[in-house]
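Chains, contacts and geometry: an overview
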Amino acid sequence: MIRILSLVLLLVSCTGMKAQEIMPGERWPDDKGVHVNAHGGGMLYADGTYYWFGEFKNDTTSVALDGVTCYSSCDLVHWKNEGIAMPVMPEESYSDIERGCILERPKVVYNKKTNKYIMWFHLELKGKGYAAARVGVAVSDKVTGPYRFVHSYRPCAGFWPENMPEKDRSLKVTPKDFAEWWTPEWSKAVEEGLFVRRDMEGGQMSRDMTIYVDDDGKAYHIYSSEENLTLQIAELTDDYQSHTGRYIRIFPGGHNEAPAIFKKDGTYFMITSGCTGWDPNEARLFSASSIWGPWTQHPNPCRGDDAALTFHSQSTFIFPVAGKKDAFIFMGDRWTPKHPSDARYIWLPIQFENGLPILKWMDKWSLDYFDTKTF
């Protein structure tokens, strides 16, 4: 009864709220007038409400001092700060998510079978830089948390990629055989699984990532692996809390990160970025008729001024707008490493041109945009 009453009150408040415009790159105040602090984030729609999860950034450092924040909205413009959904653990707690670790790109999905909310994120252990390259998992009974940390690890230990040829699995060449990287010989070795073989026993590296739940309820972990040189797509278990061991490699040696995926008319589309640290670069676009590939690369999806820099942003998530056909929103981050908490958000409606998604800069726009476009 309490849940029903809260939903009724939410619907009433949403109905009476005047729609306003999204202004990419501008400060985005929450219900307290404070700039939204949910970077590298993801979106979950549940019970008529959008929940935006992201990294809580400090003013002077990008390490995790607080945890993962959650904001709620019924119109994607006005956001209520729901607080820290998953706090990091105190210093000297010896937890994988101890205060001072690196915790990035949190994504939350709902599991209908277990009635649990599952949070996945890229995790680097405190004081280890980016050497750990792990994925972390946390669980909650409520969408806003608190989320209980379950475990962190490297995915698919002991399993070969489904699309890695048998002949490459048995090669004996190792990273130690190369005095320098980026030579033609080294690049060929990367394509042939140089780092996959190296990491077989301990699991594959996992950095920039996203989670995708398909129409049939199957969930997938998409992550930058093999020293950020190759994207991997791995199937999750039915409870969404670990990997089954089934996975593939996409464009070995392509140096992709920041994956964001969606599906339209049976085709999977994925936007990624290159690897240039905090600096923006040109977006990449891929498509496939199956999550397992084969995947095809297309030209940069961005159009207009600053298209070569993805409008000075980096992809983080793409989500559908509830109640609107073929309406998808691209979420990007405009990083400011000298003042992390002030980093801005680049949200743009995805348009289509010759059957492919494209992004065009808009100083401001509203959800009404989707009602005037036919794709």
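This is a predicted model, so every value here is computed, not measured.

Description of the packing of aromatic side chains
Aromatic ring pairs are reported here in terms of the distance separating the ring centres and the angle at which the planes meet. Enumeration according to the criterion identifies 28 aromatic pairs in this entry. Look at Trp 52 and Trp 347: their rings are 4.9 Å apart centre to centre, the planes differ by 50°, and that puts the pair in the tilted class. Placement of Trp 52 in strand β2 (residues 49-55) and of Trp 347 in strand β20 (residues 344-349) is noted, with a sequence separation of 295 residues between them. Residue classification places Trp 347 among the buried positions, given a relative accessible area of 1%.

So, the layout of surface pockets
Volume-wise, the largest pocket comes out at about 1000 Å³. As for the largest pocket, its lining consists of 37 residues, of which Leu 44, Tyr 212, Val 213, Asp 214 and Pro 320 are closest to the centre. Of all the secondary-structure elements, those providing two or more residues to the lining of the largest pocket are β1 (39-46), β5 (102-111), β9 (209-213), β13 (257-264) and β18 (314-320). Residues that form the lining of the largest pocket fall into these classes: 24 nonpolar, 4 polar and 9 charged.

Here's the deal with the sheet that holds strand β10 (residues 219-225)
One open sheet holds the 4 strands; their spatial order is β9-β10-β11-β12, and the pairing between them is antiparallel. Two strands in the sheet have a free side with no partner beyond their single neighbour: β9 and β12 (243-250). Here the average twist between neighbouring strands, direction ignored, is 25°. Examined bridge by bridge, β10 and strand β11 (residues 230-236) share 6 bridges and lie antiparallel to one another. Looking at the pairing, Tyr 220 lines up with Glu 235 of β11.

Here we look at the pattern of salt bridges
Applying the stated criterion to the full structure yields 28 salt bridges. Across the pair Asp 342 and Arg 27 runs a salt bridge whose closest N-O atoms are separated by 2.5 Å. You can see Asp 342 sitting in the loop between β19 (328-334) and β20 and its partner Arg 27 sitting in the loop between α1 (2-15) and β1, a full 315 residues away along the chain. Taking the relative accessible area as the measure of exposure, Asp 342 reaches 16% and is therefore buried. Given a relative accessible area of 48%, Arg 27 falls into the partly exposed group. Of the charged contacts in the structure, one is a salt bridge between Glu 91 and Arg 99, with a shortest N-O distance of 3.3 Å. Here the salt bridges share partners, and the residues they tie into one network are Lys 113, Lys 218, Glu 235 and Asp 238.

Cut-offs applied
- Along every chain, residues carry numbers that run from 1 in the direction the sequence is written.
- Local features in a predicted model are, by the rule used here, given only for residues with pLDDT of at least 70; side-chain atom pairs are given and counted only at 80 or more, and totals for whole chains, interfaces and linings are based on all residues.
- Note that the side-chain values use all heavy atoms of the structure and ignore hydrogens as well as water.
- Stacked, edge-to-face and tilted labels apply to pairs of Phe, Tyr and Trp rings (six-membered ring for Trp) whose centres lie within 6.5 Å, assigned for plane angles under 30 degrees, over 60, and everything in between, in that order.
- Secondary structure elements are defined from DSSP: runs of H or I of at least 4 residues count as helices, runs of E of at least 2 residues count as strands, and each element is numbered from the N terminus.
- Each residue is assigned to one of three classes by its accessible area relative to the maximum for its type, calculated with a 1.4 Å probe on protein chains only: buried under 20%, partly exposed between the two thresholds, exposed over 50%.
- Think of a 1 Å grid over just the protein atoms. A cavity is a set of points where a 1.4 Å probe fits yet cannot get out, a pocket is an open set with protein on both sides within 12 Å along at least five of seven lines, and lining residues have an atom within 4 Å of a point.
- Grid points are joined across faces, edges and corners, and a volume is the space filled by probe spheres set on the points.
- The nonpolar class holds Ala, Val, Leu, Ile, Met, Phe, Trp, Tyr, Cys and Pro. Asp, Glu, Lys and Arg form the charged class, and all remaining residues, Gly among them, are polar.
- Strands are treated as partners if at least two bridges between them are detected by DSSP.
- Axes here refer to lines fitted to C-alpha atoms; in helices the fit is confined to the stretch in contact. Angles between the N-to-C directions go from 0 to 180 degrees.
- In the sections that follow, a salt bridge refers to a side-chain nitrogen of Lys or Arg positioned within 4 Å of a carboxyl oxygen of Asp or Glu.

Fair warning: the whole summary comes from geometry, so function is off the table for now.
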